[in-house]
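# Observations on the model geometry
Letter by letter, the chains look like this.
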Amino acid sequence: MSSRLELTGISKTFQKGTLNEKVALDNITFTANPGDFVTVLGSNGAGKSTLFNAVLGIFLTDKGRILLDGEDITFKKQHKRAGGIGCLFQNPLRGTAPNMTIEENLALAYHRHSSYSFFAVNRRDADYFKEVLSTLGMGLENRLKTKMGVLSGGQRQAASLLMATVARPKLLLLDEHTASLDPATAEKVLAITKQIVEREKITTLMITHDMSYALNAGNRTIAMDGGRIVFDISGERREAMTPDDLIKAFRENSVNSLDDRTVLTKKPL
Amino acid sequence: MTLLSMLVSACMQGMIYAPMALGVYIAFGILNTPDLTIDGSLVFGMTVCAYVTIAGHPVLALFAGMAAGAAAGLVTGLLQTKLKINAILSGILTMTGLYTINYMVLGGQSNRYLQSGTTASNTVFKMFSRTVNDIFGENAVGDINLLPLILSATVTAAAIAILAVFFKTRLGLQIRATGDNEDMVRSSSINADFTRILGIMTANALVALSGALLCQQQKYADLNCGMGMLVVGLASVIIGQVLFGKRGITVGLISAVAGSLFYRIVLQVAYKIDMPSFTVKLLSAIIVVAALSMPVIKNKVTELNGRRARASSGNEGSGGNEQ
């Protein structure tokens, strides 16, 4: 199922021609190979989320091409791309519908693959949902009829993760999806993320501010600064790195040094 | 009027306005959108229904009325989604524009009786009572005419059944999700503009159905019938929620109808105690304000009780911002 994401010469400037002109993406060329799990670093305003939004089609880019699985999606509408792209944001409330049940939420995410039935929720899909929910180890498989709104933030984020991946997307974009969770829950959600990505072999990009997560998860790490990708490491060089090395590499490569808003934690692996 | 005939009349009114309550529930409850098109689409349903009824097609007239309402909803939906105009303003714009359209549909007058020349036009209510008379004999209908109530109740029941099923299908689920978390829907493969427009169209089609039924029941169409209808619909939905609580979609639909019935019964009682008819609008507004302010009042009461309890036990200091 894994796919290649190719960005060639992507640029985006916001509020062009005004005093507030901001070059958010500056001629980015980047290829994520099939099955790559890329962690994305960068201080606030470096263009990480903007890059994700460009891929998601929230705005059209000024220049460049975006290819997913060989298909040019540069000018495709947001909802037309979304079938192939799963995404998850920092806010756990964003990915789920609170007044609908867990089952209905999953049915919604799964609608392109669901069994043929008149009603959106059916027995066969429910069995499948139970199976995937049980992999979370949160007991949600017994609460299919529970409204999403009563779950905790961590549970909702885990459920959102499942919703983003249940339809087997070509690409998974994770925008600091563990940032608003407590450390223990964040660890758990990250572990589930790795497990799902490995099992489904989804090409994944994950934004994080946590250096140990950046090295611990995935097979490749890129850092962004001022709308550019400033370094891209993988393989043995990455294996040998410690979070400290990563911070050093980042400092050396970035124009804007890390500002105080950037949260950098050095946790033992 | 006997008590029973009053009750029947109130229920019939309630049932005629029930589709409107369903529409308001869909717009405000499910789609979470303040849609002010409603005052206009009710009249649009009414005038189009009048036009088609006078032309001699009473059943088709109901569907034509619904289609008119759906068209009004389509305009509001397009304003909201494609032109990104604020939801409340979109509704007001459509409603305002509709006044002219309605005036034109009525042939350049502000009200019109359902008759062509001097013969009264046929309506679904007449057709129904004729059918019943044919089957059960001329005197089947007693002193109190239950037939209009039965007919409008049947239409409402059918509407509830269709909607309850629809909101469990994939498309229905998508519309509900759009109201529940539009951000989520926008980042999924669902076209949120489409589901939003479809939801608003459904809501306004139902509102227009009420207008069409009302038109045939009272045998005339009037441009000023729509004023304040949104508040009436909201009152019904809120009363229904007080009666049944906030639960699933099907219960929500049923409770909106129950709210509509209850509202009309309250009005009938108000008439009975000789409140003049012009007080109706104020009464409706007060009912809605009372129902909406319920949570705040409840909070204040518990807070006050808690404060009093603490004051009597001599515990001061923490919390409370007395002035």
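Before reading on, note that the structure itself is shown above.
So, here's what we can say about the structure. (Residues numbered from 1 in each chain as written. Chains lettered and ligands numbered in written order. Predicted model: local features only at pLDDT ≥ 70, side-chain atom pairs only at ≥ 80, totals over all residues. Heavy atoms only, no water.)

### Examining the pattern of salt bridges
All names here are of chain B. In total, this model carries 15 salt bridges over all chains according to the counting rule given. Across the pair D193 and K82 runs a salt bridge, and its minimum N-O distance is 3.2 Å. Taken together, the positions of D193 in helix 10 (residues 192–218) and K82 in the loop between helix 4 (58–81) and helix 5 (87–105) put the pair 111 residues apart, joining distant regions of the chain. For D193, a relative accessible area of 11% corresponds to the buried category. Residue K82 is classed as partly exposed on the basis of its relative accessible area, which comes to 48%. E182 serves as the salt-bridge partner of R196, at 2.8 Å between the closest nitrogen and oxygen. One end of the pair, R196, is in helix 10; the other, E182, is in helix 9 (residues 182–186), with 14 residues separating them in the sequence. When its relative accessible area of 9% is taken as the criterion, R196 is described as buried. (Salt bridge = Lys/Arg side-chain N within 4 Å of Asp/Glu carboxyl O. Helix = DSSP H or I, 4+ residues; strand = E, 2+ residues; numbered from the N terminus. Buried < 20%, exposed > 50% of the residue type's maximum accessible area, 1.4 Å probe, protein only.)

### Section: the packing of aromatic side chains
Residue and element names in this part refer to chain A. Tallied over the entire structure, the rule returns seven aromatic pairs over all chains. Taking the centre distance of 6.4 Å and the plane angle of 50° together, the rings of Y128 and F129 count as tilted. Relative accessible area serves as the criterion here: at 21%, Y128 is assigned to the partly exposed category. You can call F129 buried: its relative accessible area is 2%. Look at F231 and F250: their rings are 6.5 Å apart centre to centre, the planes differ by 80°, and that puts the pair in the edge-to-face class. (Phe/Tyr/Trp six-rings, centres within 6.5 Å; stacked < 30°, edge-to-face > 60°.)

### Brief notes about a nonpolar patch on the surface
Residue and element names in this part refer to chain B. A surface patch of nonpolar side chains, amounting to about 310 Å² of accessible area, comprises I88, L89, I92 and L93. Examined against the element boundaries, L93 turns out to sit in helix 5. Residue L93 is classed as partly exposed on the basis of its relative accessible area of 42%. (Patch = residues over 30% accessible without salt bridge, like charges linked within 9 Å, V, L, I, M, F, W, Y side chains within 5 Å. Areas by Shrake-Rupley, 256 points an atom, 1.4 Å probe, with all protein chains shown as cover.)

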